[in-house]
Every structure is written in C-alpha cells, then in structure tokens.
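Structure assessment
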Amino acid sequence: MAGMVIHGAQWGDEGKGKIVDLLTEKANLIVRFHGGNNAGHTLVVGGEKTVLHLIPSGILHGSKRCVIGAGVVLDPEVFLMEVDKLAAKGVDMSPARLAVSLRTHVIMPYHKLLDCARESAKAGAKIGTTGRGIGPCYEDKSSRVGIRAGDFLDEALLAAKIRHALAEKNALLAGLYGLAPLDADKVLEELLPLARRVVPYLADVPAMVQEALGSGAGVLFEGAQGTHLDIDHGTYPFVTSSCCLSSNAAAGSGCSPKDLGDIISVVKAYTTRVGSGQFPTELTCARGEHLQSVGAEFGATTGRKRRCGWLDAVLLREAVRLNGTTGLAVTKLDVLGGLDQLEICTAYTYEGAEILYPPQREGALAHVTPVYETLPGWKEDVTSCRSWSDLPQAARNYLTRVEELSGAPVRIISVGPDREQTIYKD
Ligand code: IMP
C-alpha cells in the first residue's frame, strides 16, 4: 500500500474508526488531516471500547506512527487528556509514536465560548454544532489571526497573539453576547502548562508523510465527519467548517494528491445525522426509532440521539463522484436484520423531474421527494458471518444494489462493532 484515504460518505458517524483500525495493519503512518475533537471514533478491540476524538485511531496498533496534520484544529486540553487516557491503558504515547504539525491551528477557550454563544443566540435556526470551538478556530485560520501549535515554541509570541485576539473576541463576547470578557494573562497562564506538554510532539508532518510515501511505507489518511458535512459541498449552512472530501487528505497533511492512492468511502447501511439540516430519507416513525435503538445511534462526542433513515443512494452517488471512491466499506449491516422490507432511495423528484444527484441550490434538499425501491429484508443474525457467502441472499442482494446505485464496488462489510466482525469481499 502507498497511500489510502478513509473518509465518510454521509453525514459523519459512518463507522470510520473501525475501518481505519482494521486497515491500519497495512500502514506504517496514520494521518488525521482535518476537523478536530468534534469527531468521535469508537473502536472495539477484544470487547473493550475506546472512543477517540483527536488522536488517530491507528494509535491502538503498537508499532504504528500517528500524526496530526496542518488541516486539523487541535484543542490541547483534549489532546493531552487522550494522551493520558491511552497511556493509562498501557499504550505507548511517546513522541516517537505521535506527532503534531507545527502548522496545526489551536482551539482556544474563546473559540469554544463563541461557538456556544452563537448557537444559543440563534433562536430557531441552530446548526447544532458540537460546541467544541471548531468553526471559530477555522475562522481565525482564514482571517490569518490564528494561533498555531508551532507558536508554543515561542511563549512571548504566544502571549502577544492571545492579547491581539482577545481585543476582538472580548468585544464580541461581552458586547454582543453579554458574557464576561477573558483576561489575556489568565488565558496564557492556563495554556502554558498544556503548551509545554504539547511541544515534544511538534514535528514537520509534511516531511514525515512524504518520507513515508517515498520509502514505500503505507500511509493511511483518516478522515473525520463526512462528505455531506463538507463546507463547500455539504448541506450548507448545516455543515462543519472544514473540507471533508478525500482530496483534502493531500492539503491537510502536506503531500501531493497523486500520492493518495486508494479512496475508501465508509457508508452506513442506512443513514444517520446529528444536528440540524435537511435529511430527505429521515424516518420519524417507529422504523426510525427501531434503527436508532438497534443501532445504538447516539453521538460519540455529544451523546445526542442521531436521526435515522433509509439509505440515500442519491447522496451516496454524489459522495462517490466527489471523492473518487475506489471501494466502499459498508458498516452496520447487522442493524438492518429482522426487518421485513428495506427501502433504498434511488432518485429524487424535484420541481417535477426525477433527478439522480442532489440539487445544488441552498436548502433545495428540503424540497425533494425520495423515490424508493423496496427490497426484501432478512431475518438471520449476520453478526457471525465472516465471508460473502455466509451472508443471507437478501443481504447480498441489498449490497449488490448499493454497488449498482452508487457506481462503486463494496470491498468491506462490517457486521458488528468488533474487529473480527468484518467481511472482506475481494
Ligand atoms: P461543528 O463541526 O461542531 O461545527 O458542527 C457542525 C455540524 O456538524 C453539526 O451538525 C454537528 O452535529 C456535525 N458534526 C460535526 N462533527 C461531526 C461528527 O464527527 N459526526 C457527525 N456529525 C458531526
């Protein structure tokens, strides 16, 4: 393996953590390239559950190196909490195994306050952000006033940057949102012990990635969130603030797009969404509740109940097209077991016509009507299936239809949370 990107094809929570964990076997270096601790990747190894928000899921493989690229936004407190939690479990968390780009932007306390204050101020039209300061941190990056992890090497510069940022942030926090202004000295005092602990992890991540690719060592690029939460191509404004597409694996880590290699798009066998925004195939009836409870659909970061619905092949087709998918990893197939009939949305009707791709205008997804195809369900428990031929015929038919409708081959099927509960199709 040279490069391999693993990313989400829906609205996040597709089960990327497990797929990354599985494919890490083939890689030497695992790179997070965008997003921050708004992500929540759940891994179950030998029945033991670990939830990671920031550190690449590959960390549980003893010999692998994990890095956080420039495209990520890093909350130092969360980063160090994860380091400590994993170290307490006996995982080697030395800088030899984990690195952070000097160019990674830092989530500051005022980013978190602004994120939450803005959401509270939006009466009916909340985005439903995770409240982790993601949007405000990316705003500062684009406004070129952000603090980067490399600034931790120069405490005088760090102090000056915090003072400069607070002149504006305090005007917003106090003037617009009626919150107490932050004191620059206190912010610095609380940050310094964290910053000093992050410093040993700082590294030239682009050089590490390029060296690994050049030497033929496998590099796995770990995406977060999902295609339809992408800042440009998602259901704007109900999106996150970063580029969630496979192409950002190059920019967000610092290598050439030519090196990305295989693109594995992870898709749940049905659809879920947390937070606000359009969701054409959402089931607000007992069937939606069934998927929610059988699939234990609660956000790994916020604990919020996920909205559930049928698989939307229109959105999947769009994800395949936007990401250049070379293979699909279909997760949670087991959750569909026991239902008499399954529906897949194959197209939408919109303004009197049938369309195969989502309409581009903002909010248009709220005005489409899904066109459904009904497929027979299966009664068998598939959690102990380990090969394509073990699966009931109806499950195989469902997956074959997913391939036909999306235009991408199914390569991996997950039938339960554990590493072992996986089928490699080819
Ligand atoms: P933010 O990324 O916290 O700004 O949240 C923006 C939107 O993206 C909200 O609807 C969140 O629920 C959603 N979101 C962010 N990260 C994830 C994720 O990892 N999984 C699913 N939804 C997410």
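The rules we used
- Residues numbered from 1 in each chain as written.
- Predicted model: local features only at pLDDT ≥ 70, side-chain atom pairs only at ≥ 80, totals over all residues.
- Heavy atoms only, no water.
- Helix = DSSP H or I, 4+ residues; strand = E, 2+ residues; numbered from the N terminus.
- Buried < 20%, exposed > 50% of the residue type's maximum accessible area, 1.4 Å probe, protein only.
- Arc of directions from axis to C-beta.
- Salt bridge = Lys/Arg side-chain N within 4 Å of Asp/Glu carboxyl O.
- Domains from an automatic or database assignment.
- Contact = heavy atoms within 4.5 Å.
- Buried area = accessible area lost by both parts, 1.4 Å probe.
- Polar contact = N/O pair within 3.5 Å; in protein donor to acceptor, adjacent residues only side chain to side chain.
- Nonpolar A, V, L, I, M, F, W, Y, C, P; charged D, E, K, R; others polar.
- Near = heavy atom within 4 Å.
- Areas by Shrake-Rupley, 256 points an atom, 1.4 Å probe, with all protein chains shown as cover.
- Lys, Arg positive; Asp, Glu negative; His and termini not counted.
- Pairing = 2+ DSSP bridges.
- Axes fitted to C-alpha atoms, helices over the stretch in contact; angles between N-to-C directions.
- Parallel < 35°, antiparallel > 145°, perpendicular 65-115°, else oblique.
- Left-handed = near helix turned anticlockwise from the far one by under 90°.
- Core = buried A, V, L, I, M, F, W, Y, C linked by side-chain atoms within 4.5 Å.

1. Remarks on unusual backbone geometry
Looking along the chain, the bond that leaves Tyr-236 and enters Pro-237 is cis, with omega of 5°. Within the fold, Pro-237 resides in the loop between strand E10 (219-222) and helix H8 (248-253). Although it is not a glycine, Arg-144 sits at a positive phi angle of roughly 65°. By the secondary structure assignment, Arg-144 is in the loop between helix H4 (134-142) and helix H5 (155-176). For Arg-144, a relative accessible area of 73% gives the class exposed.

2. A short note on helix H9 (residues 286-294)
Turning to H9, its buried residues are Gly-288, Leu-291 and Gln-292. Considered in projection along H9, the buried side chains sweep an arc of 100° and stay on one side of the axis. Opposite its buried face, H9 presents the exposed residues Ala-286, Glu-289 and Ser-293, each directed more than 90 degrees away. Looking one or two places after H9, you find Ala-296, whose phi comes out positive at around 45°.

3. Re the pattern of salt bridges
The tally for this structure, following the rule as stated, stands at 25 salt bridges. Residues Glu-48 and Lys-89 are paired through a salt bridge, measuring 3.3 Å at the closest nitrogen-oxygen approach. You can see Glu-48 sitting in strand E4 (residues 48-52) and its partner Lys-89 sitting in the loop between helix H2 (76-88) and strand E7 (98-101), a full 41 residues away along the chain. Since its relative accessible area comes to 47%, Glu-48 is described here as partly exposed. Given a relative accessible area of 39%, Lys-89 falls into the partly exposed group. Here Glu-77 makes a salt bridge to Lys-112, at a shortest N to O gap of 4.0 Å. Placement of Glu-77 in helix H2 and of Lys-112 in helix H3 (residues 109-121) is noted, with a sequence separation of 35 residues between them.

4. As for the domain arrangement of the protein chain
The domain boundaries assigned to the protein chain delineate domain 1 (3-102 + 201-263), domain 2 (105-198) and domain 3 (267-424). Contact residues are listed per partner, giving 28 residues for domain 1 and 23 residues for domain 2. At the boundary of domain 1 with domain 2, total buried surface from both sides reaches about 2000 Å², with 63% on carbon and sulfur atoms. For Asp-75, the salt bridge identified is with Lys-112, shortest N-O distance 2.8 Å. Inspection of the domain 1/domain 2 interface yields 8 residue pairs in polar contact (both at pLDDT 80 or more). Breaking the side of domain 1 that touches domain 2 down by element, the ones donating at least two residues are strand E6 (73-74), H2 and E7. A breakdown of the residues in the side of domain 1 that touches domain 2 according to their chemical character gives 15 nonpolar, 10 polar and 3 charged.

5. Thoughts on the site of the ligand
Near the ligand lie 16 residues; those nearest to it are Asp-13, Asn-38, Thr-130, Thr-240 and Arg-304. In the model, an oxygen atom of the ligand is placed 3.3 Å from a nitrogen or oxygen of the Gly-128 main chain. Between an oxygen atom of the ligand and a side-chain N or O atom of Thr-130, the distance comes to 2.5 Å. If the ligand stood free it would expose 470 Å²; the protein chains cover 96% of that surface. By residue class, the composition of the shell around the ligand is 6 nonpolar, 8 polar and 2 charged.

6. Looking at the side chain of Asp-230
Within the secondary structure, Asp-230 sits in the loop between E10 and H8. For Asp-230, which is buried and forms no salt bridge, the nearest opposite charge comes from Arg-273, at a distance of 12 Å. Contacts of Asp-230, omitting those with residues within four sequence positions, involve Val-239, Ser-242, Cys-243, Cys-244 and Leu-245.

7. With respect to the sheet that holds strand E20 (residues 422-424)
Taken together, the 10 strands give an open sheet; going across it, the order is E9-E7-E5-E2-E10-E1-E11-E15-E19-E20, and neighbouring strands pair in mixed fashion. The strands lining the two open edges of the sheet, one partner per strand, are strand E9 (202-203) and E20. Note: strand E1 (residues 3-8) against E10, 4 bridges, orientation parallel. Opposite Ile-6, over in E10, you have Glu-222 as the bridge partner.

8. Observations concerning the packing of H2 against helix H6 (residues 184-198)
Where H2 contacts H6, the axes come no closer than 10 Å and their chain directions differ by 55°. By the angle between their directions, the pair H2 and H6 is classed as oblique. Two packed elements cross with a definite hand, and for H2 against H6 that hand is left-handed. When H2 is examined against H6, the residues Pro-76, Glu-77, Phe-79, Leu-80, Val-83 and Asp-84 are found in contact with a partner set consisting of Leu-191, Leu-194, Arg-197 and Val-198. Of the residues assigned to the contact of H2 with H6, the class counts are 7 nonpolar, no polar and 3 charged.

9. Remarks on the nonpolar core
Counting 53 residues, the largest nonpolar core has Ile-6, Phe-79, Met-93 and Ile-162 as its most contacted members. Here this core gets 7 residues from one element, more than from any other, and that element is H6. For Met-93, the contacting residues outside a window of four places in its chain are Ile-55, Ile-59, Val-83, Leu-86, Ala-87, Leu-98 and Tyr-201.

10. Let's talk about the pairing of E7
Taking every second residue as pointing to the same face, both faces of E7 are buried, with Leu-98 and Val-100 on one and Ala-99 and Ser-101 on the other. Bridge count for strand E5 (residues 65-68) against E7 is 3 bridges, and the pairing is parallel. If you follow Ile-68 over to E7, its bridge partner there is Val-100. Across 2 bridges, E7 lies against E9 in parallel orientation. Paired with Val-100 across the two strands is Leu-202, which belongs to E9.

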